[in-house]
Structure formats: C-alpha cells, structure tokens
Amino acid sequence: EALNEVGHKMHPVSYLDFIGEAIADVGGTASDLFESICLVLAANVIVGSKAHPAPHFASGLCFVIIAAGTLGAAILSFH
C-alpha cells in the first residue's frame with residue numbers, strides 16, 4: 001500500500017497537476033498586480049487633473065514616470 005502511494009505521487013499527471021496549480025497562482029498574482037496598477041494610475045490621473053493648476057501636466061505625469069521606468073528597465077536588460 002505504501003508503494004502504491006509513492007507511485008501515485010511520482011505519476012506524471014500529479015507533476016502536471018502541481019505545475020498547473022503553480023502557473024495558476026502566478027497568473028492570479030500577476031492579474032491582481034495589473035489591476036492594482038491600473039486603479040492607481042486611474043486615481044492619479046483623476047486627482048492630478050482636479051487638484052493641480054496645470055491639469056494636462058499633472059494628469060500625464062504618472063504615465064511619463066511609468067514610461068521612463070519601463071524604458072530604463074528595457075535598456076538595462078539589453079546592456
């Protein structure tokens with residue numbers, strides 16, 4: 001009976017099940033992070049356009065900061 005249990009744990013389908021669960025966890029975490037970033041950007045645009053004397057500058061500033069960070073990361077990854 002113990003040998004049967006060990007054989008079940010080593011079965012390729014069990015490995016694929018564990019891999020599938022890990023991929024689903026990573027995908028769920030990434031989607032939560034993406035949703036949080038989108039909500040923060042939307043809130044920054046709204047607050048920046050309402051609270052700043054130059055609404056076009058303030059509402060676009062968060063996108064400029066994100067773009068600069070993305071460009072910097074891309075440059076460093078290829079360096």
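For the structure itself, consult the block above.
Residues numbered from 1 in each chain as written. Predicted model: local features only at pLDDT ≥ 70, side-chain atom pairs only at ≥ 80, totals over all residues. Heavy atoms only, no water.

Engineer: Residues and numbers for the overall build of the chain, please.
Structural biologist: Across its full length, the chain carries 3 helices and 0 strands. Helices and strands appear in the chain in the N-to-C order α-α-α. Summed over its atoms, the accessible surface of the chain is roughly 6700 Å², and 74% of this surface lies on carbon and sulfur atoms. (Helix = DSSP H or I, 4+ residues; strand = E, 2+ residues; numbered from the N terminus. Areas by Shrake-Rupley, 256 points an atom, 1.4 Å probe, with all protein chains shown as cover.)

Engineer: Any chance you could break down helix α2 (residues 12-51) for me, citing the residues and the numbers?
Structural biologist: Each α-helix turn comprises 3.6 residues. Residues three or four places apart therefore point the same way. When the terminal C-alpha atoms of α2 are compared, their 58 Å separation across 40 residues agrees well with the 58 Å that a helix rising 1.5 Å per residue should span. Those residues of α2 that sit buried are Ser14, Leu41 and Gly48. (Expected span 1.5 Å × (residues − 1). Buried < 20%, exposed > 50% of the residue type's maximum accessible area, 1.4 Å probe, protein only.)

Engineer: How would you summarise a nonpolar patch on the surface if you had to cite specific residues and measurements?
Structural biologist: Together, Tyr15, Leu16, Phe18, Ile19 and Ile23 make up an exposed nonpolar region whose accessible area comes to about 570 Å². Note on placement: Ile23 falls in helix α2. (Patch = residues over 30% accessible without salt bridge, like charges linked within 9 Å, V, L, I, M, F, W, Y side chains within 5 Å. Salt bridge = Lys/Arg side-chain N within 4 Å of Asp/Glu carboxyl O.)

Any functional reading would require information that these geometric values do not contain.
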